[in-house]
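Close look at the chain arrangement
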Amino acid sequence: LDHTKTSMGKRMLKSFLEQPLVNPAKIIDRLDAVEQLTMKPVELGELKEILGGVYDLERLMTRVMYKTATPRDLKSLSLTALKLPEIKELLKGFDSKLLANCNNKISTLEAISNLVENAIVDEPPVNVKDGNVIKDGFNEQLDGLRNIISGGKGIIDDIAEREREKTGIKNLKIGYNRVFGYYIEVTKYIRKQTLANCERFITDELKVAENTILGASDKIVTLEQEIFAEIRDFAATQLRLVQETATAVAQIDVLCS
């Protein structure tokens, strides 16, 4: 019996079987809807194909409301919203009471899809703490911090070049590690039994550059988390619309099945 395309439809089909209709008028409405769908196999096939790309709106919104939604969850919510206009357009070709009622209850959720598509990258990481969640151009402050990072290599290269010219040490270079940050490294010419092979130094200029670059990195992580939380909280304000849409889409899925 189960030829549903969505998790929402699968759950609704189960509830239909567990709680059969007893009202004759409602039974006839359901039969009319199924009959119309079978009379238009092309449109039925197109509906099924679109439904195959619909994510579980009910589960996604649960995560949104509990503030556990990930960047990928919001992207899934948006990708589903982008399919809703196609579903509504196809449903216009049917005039059965039940199908028309479902179409009326489906919202296109444009507010969510517009925000998410403008704000979140096309392939976001699982965790917002991983960074690179928010698109360039969405937030001016974030763009500014990213410019500092992208220009950071140039700043460090310029300092290294100036230090080589001042000291006349051609093998002078600037390195970085998580423990010590940026440092100037000069290779030593040493005896064979000596283990250390270089000396590391810092200058005021390099320290300032380090504070600027590393400070920007920390601020980017914090700011991305704040922006993501605002987007997630906005999605939460659309709960009623999403729930109504999810129920209607699930019903369409079951009727197609």
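Throughout what follows, the structure given in this document is the object of discussion. Remember, it's a predicted structure, so these values are computed and weren't measured experimentally.

**A word on the overall build of the protein chain**
- Regarding its fold elements, the protein chain presents 10 helices and three strands.
- Along the protein chain, helices (α) and strands (β) appear in the sequence α-α-α-α-α-α-α-α-β-β-β-α-α when read from the amino end.
- Computed over its C-alpha atoms, the radius of gyration of the protein chain comes to 29 Å, more than 25% above the 18 Å expected for a compact globule of 257 residues.
- If one aligns the C-alpha atoms of the protein chain with their principal axes, the spans along those axes are about 95 × 40 × 35 Å.
- Here the protein chain holds 257 residues, and the buried ones make up 39% of them.
- Residue pairs in contact within the protein chain that sit at least 24 positions apart in sequence constitute 67% of those at least 6 positions apart.
- Taken as two groups, the 36 positive and 39 negative side-chain charges of the protein chain have centres that lie 6 Å from each other.

**A closer look at the side chain of Ser-96**
- Among the structural elements, Ser-96 can be located in the loop between helix H5 (71–91) and helix H6 (97–105).
- Beyond its immediate stretch of four places on either side in the chain, Ser-96 contacts Asp-32, Ala-33 and Gln-36.

**Regarding the pattern of salt bridges**
- Overall, the coordinates contain 17 salt bridges when judged by the stated rule.
- Across the salt bridge formed by Asp-122 and Lys-135, the nearest N and O atoms sit 3.7 Å from each other. Of the two residues, Asp-122 sits in the loop between helix H7 (110–119) and helix H8 (140–167) while Lys-135 sits in the loop between H7 and H8, which places them 13 residues apart along the sequence.
- Here the salt bridges do not stand alone but share partners, grouping Lys-75, Glu-117, Asp-122 and Lys-135 into one network.

**A few points about the packing of helix H4 (residues 57–65) against H5**
- Two elements in contact, H4 and H5, have axes whose closest approach is 10 Å; the angle formed by their N-to-C orientations is 140 degrees. In this view, H4 runs oblique relative to H5, as classed from their interaxial angle. The handedness of the crossing between H4 and H5 comes out as left-handed. Residues Leu-57, Leu-60, Met-61, Arg-63 and Val-64 of H4 pack against Asp-73, Leu-74, Ser-76, Leu-77 and Thr-80 of H5.
- Among the residues making up the contact of H4 with H5, the classes are represented as six nonpolar, two polar and two charged.

Cut-offs applied
- Per-chain numbering applies: the sequence of each chain, read as written, is numbered from 1 onward.
- Totals for whole chains, interfaces and linings use all residues, but because this is a predicted model, local features are given only for residues with pLDDT of at least 70 and pairs of side-chain atoms are given and counted only at 80 or more.
- Heavy atoms throughout the structure, all of them, feed into the side-chain values; hydrogens and water do not.
- The secondary structure listing takes helices from DSSP runs of H or I that are at least 4 residues long and strands from runs of E that are at least 2 residues long, numbered from the N terminus.
- Here the radius of gyration uses the C-alpha set of atoms, whereas the globule reference equals 2.2 Å times the residue count to the power 0.38.
- For the exposure calls, accessible area comes from a 1.4 Å probe over protein chains only, and a residue counts as buried if that area is under 20% of its type's maximum, exposed if over 50%, partly exposed in between.
- What makes two residues a contact is simply this: any of their non-hydrogen atoms within 4.5 Å.
- Charge counting treats Lys and Arg as positive and Asp and Glu as negative, with His and both chain ends excluded.
- Here the site of a charge means atom NZ of a Lys, CZ of an Arg, CG of an Asp or CD of a Glu.
- What makes a salt bridge here is a side-chain nitrogen of Lys or Arg within 4 Å of a carboxyl oxygen of Asp or Glu, nothing more.
- Whenever a helix is involved, its axis is fitted only over the stretch in contact; in every case the axis is a line through C-alpha atoms, and angles between N-to-C directions fall within 0 to 180 degrees.
- Geometric relationships in this document are graded by angle, where less than 35 degrees denotes roughly parallel, more than 145 denotes roughly antiparallel, 65 to 115 denotes roughly perpendicular, and other angles denote oblique.
- Each crossing gets its hand from how the near helix is turned against the far one by less than a right angle, where anticlockwise is left-handed and clockwise is right-handed.
- Nonpolar residues are Ala, Val, Leu, Ile, Met, Phe, Trp, Tyr, Cys and Pro. Charged residues are Asp, Glu, Lys and Arg, and all others, Gly as well, are polar.

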